[in-house]
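One letter stands for each residue in the lines below.
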Amino acid sequence: MTSDLPRPVGRVPVAIYICIGDAPAADIITAHVRAFAEARLWPAAVLAVDSDPAQPLTARLGWQAVTDALSKQTVVGVVTWTRDMLHDDPMASPSRHAAAFDRLATVLRERGAFLAAAHPGTVAVPLRRSPGDHWRRRELASSAAGLFTPRRAAGLGTDPRHIGC
């Protein structure tokens, strides 16, 4: 039975799920995912690491611990590193991994939980560039290459190479 009361705002316990065959890499990735979660006030209540990505998701012991925690409502969400850690076919294309991730996120959302991927490549964030960014980047590149000494003239964003042309 679900409650109609709103969830408390603030700390939300999550399960961190990692699936990678390399143990040292798993430690590094786990630290990054934990930092991602804690920055959002999501303390890690469960940490699950699987070492065989070739196994089906439901057969992995770590994933079983995550689903158990979700069933007992000790966690409200699952945070992983990338979308492809939650798949059944390691040879599938990235678009199929993304589709499987989205299906799983929908299932969890219907049950009152959430799924998030911490890797920056999993979230499409538009670049924010101002009109002066192109000039500043060119100025830095030219300066680093030793082509000219950067200087400001006639106002912000003015390219000193084009003064008097």
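Residues numbered from 1 in each chain as written. Predicted model: local features only at pLDDT ≥ 70, side-chain atom pairs only at ≥ 80, totals over all residues. Heavy atoms only, no water.

1. Concerning the overall build of the protein
So, step 1. Looking only at helices and strands, the protein has four helices and four strands in total.
So, step 2. Counting the 165 residues in the protein, one finds 35% classified as buried.
So, step 3. Taking all contacts inside the protein whose residues are at least 6 apart in sequence as the whole, residues at least 24 apart take part in 64%.
So, step 4. Roughly 10,800 Å² of accessible area belongs to the protein as shown, and the carbon and sulfur atoms make up 58% of that amount. (Helix = DSSP H or I, 4+ residues; strand = E, 2+ residues; numbered from the N terminus. Buried < 20%, exposed > 50% of the residue type's maximum accessible area, 1.4 Å probe, protein only. Contact = heavy atoms within 4.5 Å. Areas by Shrake-Rupley, 256 points an atom, 1.4 Å probe, with all protein chains shown as cover.)

2. Observations concerning the pattern of salt bridges
So, step 1. Applying the stated rule across the entire model yields two salt bridges.
So, step 2. A salt bridge links D68 to K72, with the nearest nitrogen and oxygen atoms 3.3 Å apart.
So, step 3. The class for K72 is exposed, based on a relative accessible area of 57%. (Salt bridge = Lys/Arg side-chain N within 4 Å of Asp/Glu carboxyl O.)

3. Details of the pairing of strand 3 (residues 77-80)
So, step 1. Here strand 3 shows no split at all, with G77 and V79 on one side and V78 and T80 on the other all buried.
So, step 2. Two strands pair when backbone bridges link them, and strand 1 (residues 14-19) and strand 3 are joined in this way by four bridges, in the parallel orientation. Directly across from V14, in strand 3, lies its bridge partner G77.
So, step 3. Examined bridge by bridge, strand 3 and strand 4 (residues 114-117) share four bridges and lie parallel to one another. Bridging from a neighbouring strand, G77 pairs with F114 of strand 4. (Pairing = 2+ DSSP bridges.)

4. Here's the deal with the sheet that holds strand 4
So, step 1. With parallel pairing, four strands are arranged side by side in an open sheet as 2-1-3-4. Two strands lie at the open edges of the sheet, namely strand 2 (44-50) and strand 4, each paired on one side alone. Strand-to-strand twist of the sheet, defined as the mean angle between neighbouring strand axes without regard to direction, takes the value 20°.
So, step 2. Strands in contact with helix 1 (residues 23-39) are strand 1, strand 2, strand 3 and strand 4; relative to strand 1, the strand with the most contacts, it is inclined by about 155°.
So, step 3. Across the face of the sheet, helix 2 (residues 61-71) comes into contact with strand 1, strand 2 and strand 3 while running at roughly 155° to strand 2. (Axes fitted to C-alpha atoms, helices over the stretch in contact; angles between N-to-C directions.)

5. Digging into unusual backbone geometry
So, step 1. Not every positive phi belongs to a glycine, and L41 is a case in point at roughly 65°.
So, step 2. Here L41 shows up in the loop between helix 1 and strand 2.
So, step 3. On the accessibility criterion, L41 (39% relative accessible area) is partly exposed.
So, step 4. Here the phi dihedral of Q73 falls at roughly 60°; this positive angle occurs in a residue that is not glycine.
So, step 5. Mapped onto the secondary structure, Q73 falls in the loop between helix 2 and strand 3.

6. Some thoughts on helix 2
So, step 1. By the burial criterion, the buried members of helix 2 are G62, W63, V66, A69 and L70. Angular distribution of buried residues about the axis of helix 2 spans 120°; they occupy a single face of the element. More than 90 degrees from the buried face of helix 2, the exposed residues found are L61 and S71.
So, step 2. Positive backbone phi, at 60°, marks Q73, one or two positions downstream of helix 2. (Arc of directions from axis to C-beta.)

7. Structural notes on the pairing of strand 2
Where a strand is regular, its side chains alternate between the two sheet faces.
So, step 1. Of the strand pairs in this sheet, strand 1 and strand 2 are connected by six bridges, and their pairing is parallel. Each bridged residue has a counterpart across the sheet, and for I18 the counterpart in strand 2 is V49.
So, step 2. As a crossover connection, the stretch from strand 1 through helix 1 into strand 2 is right-handed. (Right-handed = clockwise from strand over helix to strand, strands pointing away.)

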